[in-house]
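Residues per chain, in single letters:
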Amino acid sequence: MPPQRGPAGAPLTERLAVIPATDIRHAIMRYVTTRSSVLAASSVDGLVNDLIPFGVFLGEQFPDITALRKLERSHIEAFLVWSRTRTWRGRVARNRQISPSVAHGMVLTLRNFLDDITLWGWADRPRRRLVFAADIPRLPRPLPRALPPDVDAALMDTVADLEDCFARTAITLLRRSGLRLGECLDLELDCVVDYGPTGTWLRVPLGKLGTERCVPIATDTVTALATWIDHRGSQRPHPHPTTGAPTDFLFTQHGRRLTAWRIRKGLRTAATAAGLTGPDGEPRNVTPHQLRHTYATELANAGMSLQALMALLGHITPEMTLRYATLASPTLRD
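A short tour of the structure in this document, coming up.

Thresholds applied
- Residues numbered from 1 in each chain as written.
- Predicted model: local features only at pLDDT ≥ 70, side-chain atom pairs only at ≥ 80, totals over all residues.
- Heavy atoms only, no water.
- Core = buried A, V, L, I, M, F, W, Y, C linked by side-chain atoms within 4.5 Å.
- Buried < 20%, exposed > 50% of the residue type's maximum accessible area, 1.4 Å probe, protein only.
- Helix = DSSP H or I, 4+ residues; strand = E, 2+ residues; numbered from the N terminus.
- Contact = heavy atoms within 4.5 Å.
- Polar contact = N/O pair within 3.5 Å; in protein donor to acceptor, adjacent residues only side chain to side chain.
- Pairing = 2+ DSSP bridges.
- Axes fitted to C-alpha atoms, helices over the stretch in contact; angles between N-to-C directions.
- Expected span 1.5 Å × (residues − 1).
- Phe/Tyr/Trp six-rings, centres within 6.5 Å; stacked < 30°, edge-to-face > 60°.
- Lys NZ or Arg CZ within 6 Å of the ring centre and 35° of its normal.
- Parallel < 35°, antiparallel > 145°, perpendicular 65-115°, else oblique.

## Quick word on the nonpolar core
Part 1 of the reasoning: Leu155, Ile171 and Phe251 are the most contacted members of the largest nonpolar core, which has 44 residues in total.
Part 2 of the reasoning: Of all elements in the fold, only helix 6 (149-159), helix 7 (165-177), helix 8 (181-185), strand 4 (200-204), helix 9 (219-232), helix 10 (261-273), helix 11 (288-301) and helix 12 (306-313) reach the threshold of two or more residues within this core.
Part 3 of the reasoning: The leading source of residues in this core is helix 7, at 7 residues.
Part 4 of the reasoning: What Leu155 contacts, discounting residues up to four positions off in sequence, is Leu147, Leu267, Ala270, Ala271, Ala274, Leu276, Val286 and Leu291.

Below, the structure is given as structure tokens:
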């Protein structure tokens, strides 16, 4: 049986109950509680998801290790091998190996956990450093998967004819603004701002990286949003997932916040109507995030500076934006 992560949404004590060693369980609980004072709820959930497998592994493979101070490098090495080759991910066992990103995140979390409690001087800490930079698996660095111009044009032509007003508006907005899917769904009703001589902008709420930004939008996108607002009518506010404050979200209908499945369904419908197929002859699978890649690639190829593109995409470090430099480099092309 694969290690379990504990019931979804359960209290921390219940989720960590799957860790056999009491002292290790209490140390992880204390660490997560301390870190929760400066982390978002989703980041805290990630800490728990990454550290539980380590505690369960020790209980199953090294039951004599009942406290962190007993850890040796050999225990860490065994965990690294086990973690990278295990065939489950998430809360449900799957018959496939975990992805490089899952393995990378778990080792990084473990290193931070052990380093932090050592720096903080906890009594129950390893006697020396046990996880090193060389232990962290390298992540693949694929280029952005933008849609080819002809595919992009054909897709957006059929998107304009979608019957679902929400899917039509959201897909158009994603393509014309480069938003992440979550950012799009979290837009508020007053997100469109007219700054006069500098044009109309879209205020993007705090999202994945905890930053807020504004993105310029064209007239046709403003028109699409206005059509949606008329279509949705008056809706009741919903609690904001972060602050809990009543918030009038843009994409609500019939008293409920709208979710991503209608956007994905709209993309499937549009791709089928446009006759777009994949290598296997089946309808082409277009994801919402590909629209973001297409937006950014189009701007990079048009000569936009990487600094400006970084600001539009909401990247807080240049590494992600630099991937588009390869696609737009005239030196490489020559």
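There is more to say after this.
## Focus: the side chain of Thr172
Part 1 of the reasoning: Note on placement: Thr172 falls in helix 7.
Part 2 of the reasoning: Among the polar contacts made by the side chain of Thr172, one reaches the main-chain carbonyl oxygen of Arg168 at a distance of 2.8 Å.
Part 3 of the reasoning: Here Thr172 is in contact with Met156 and Val159, once residues within four sequence places are set aside.

## Topic: the sheet that holds strand 5 (residues 213-216)
Sheet strands pair via backbone hydrogen bonds, and the direction of the pair is either parallel or antiparallel.
Part 1 of the reasoning: The 3 strands lie next to each other as 3-4-5, forming an open sheet whose pairing is antiparallel. Of all the strands in the sheet, just strand 3 (192-194) and strand 5 have a single pairing partner and so form its edges. Ignoring which end each strand starts from, the neighbouring axes of this sheet average 35° apart.
Part 2 of the reasoning: As paired strands, strand 3 and strand 4 are joined by 3 bridges and run antiparallel to one another. By the bridge assignment for strand 4, Val193 is matched with Trp201.

## With respect to helix 7
Structural remark: α-helix, 3.6 residues per turn; residues separated by three or four positions point the same way.
Part 1 of the reasoning: Counted at 1.5 Å a residue, the expected span for helix 7 with its 13 residues is 18 Å, and the 18 Å between its end C-alpha atoms agrees.
Part 2 of the reasoning: By the criterion of burial, helix 7 is predominantly enclosed, with 11 of the 13 residues buried.
Part 3 of the reasoning: Where helix 7 is concerned, the buried positions are Cys165, Phe166, Ala167, Thr169, Ala170, Ile171, Thr172, Leu173, Leu174, Arg175 and Ser177.
Part 4 of the reasoning: The N-cap residue of helix 7 is Asp164: its side-chain oxygen and the backbone nitrogen of Phe166 are 3.0 Å apart.
Part 5 of the reasoning: With its phi angle positive at about 70°, Gly178 sits one or two positions after the end of helix 7.

## Brief notes about the packing of aromatic side chains
Part 1 of the reasoning: Counting across every chain of the model gives 11 aromatic pairs.
Part 2 of the reasoning: Here Phe79 and Trp82 contribute two aromatic rings whose centre-to-centre distance is 5.8 Å and whose plane-to-plane angle is 35°, an arrangement assigned as tilted. Within this pair, Phe79 and its partner Trp82 are both found in helix 4 (residues 73-85), separated by 3 residues, close to a single helical turn.
Part 3 of the reasoning: Among the aromatic residues, those joined into a ring-pair cluster are Phe54, Phe57, Phe62, Phe79 and Trp82.
Part 4 of the reasoning: Note that Arg257 overlies the ring of Phe249, its terminal NZ or CZ placed 3.7 Å from the centroid.

## Some remarks on the pairing of strand 5
Regular strands place their side chains on alternate faces of the sheet.
Part 1 of the reasoning: Only one face of strand 5 is buried: it carries Arg213 and Val215, and the other face, with Cys214 and Pro216, is open.
Part 2 of the reasoning: Pairing of strand 4 with strand 5 involves 4 bridges; the strand directions are antiparallel. Bridging from a neighbouring strand, Trp201 pairs with Pro216 of strand 5.

## Re the packing of helix 7 against helix 10
Part 1 of the reasoning: Between helix 7 and helix 10, the least distance of the axes is 9 Å, while the angle of their chain directions is 85°. By the angle between their directions, the pair helix 7 and helix 10 is classed as roughly perpendicular. Contact residues: helix 7 offers Phe166, Ala167, Ala170, Ile171 and Leu174, while helix 10 offers Arg262, Ile263, Gly266 and Leu267.

## Structural notes on the environment of Pro239
Part 1 of the reasoning: For Pro239, the location among the structural elements is in strand 6 (residues 238-239).
Part 2 of the reasoning: What makes Pro239 exposed here is its relative accessible area of 57%.
Part 3 of the reasoning: With 10 residues separating them along the chain, Pro239 and Phe249 place their C-alpha atoms 9.6 Å apart.
Part 4 of the reasoning: With residues near it in sequence (within four places) discarded, Pro239 still touches Gly244, Ala245 and Phe249.

## Notes on helix 11
Part 1 of the reasoning: The first and last C-alpha atoms of helix 11 sit 21 Å apart over 14 residues, in line with the 20 Å expected at 1.5 Å per residue.
Part 2 of the reasoning: Those residues of helix 11 lying buried are Pro288, Gln290, Leu291, Arg292, His293, Thr294, Tyr295, Ala296, Thr297, Leu299 and Ala300.
Part 3 of the reasoning: With its phi angle positive at about 105°, Gly303 sits one or two positions after the end of helix 11.

## Focus on the environment of Pro216
Part 1 of the reasoning: Counting through the fold element by element, Pro216 comes out in strand 5.
Part 2 of the reasoning: Residue classification places Pro216 among the partly exposed residues on the basis of a relative accessible area of 35%.
Part 3 of the reasoning: In this structure, the C-alpha to C-alpha distance between Pro216 and Val193, residues 23 residues apart in sequence, is 9.4 Å.
Part 4 of the reasoning: Discounting residues that sit within four places of it in the chain, Pro216 has contacts with Thr200, Trp201 and Leu312.

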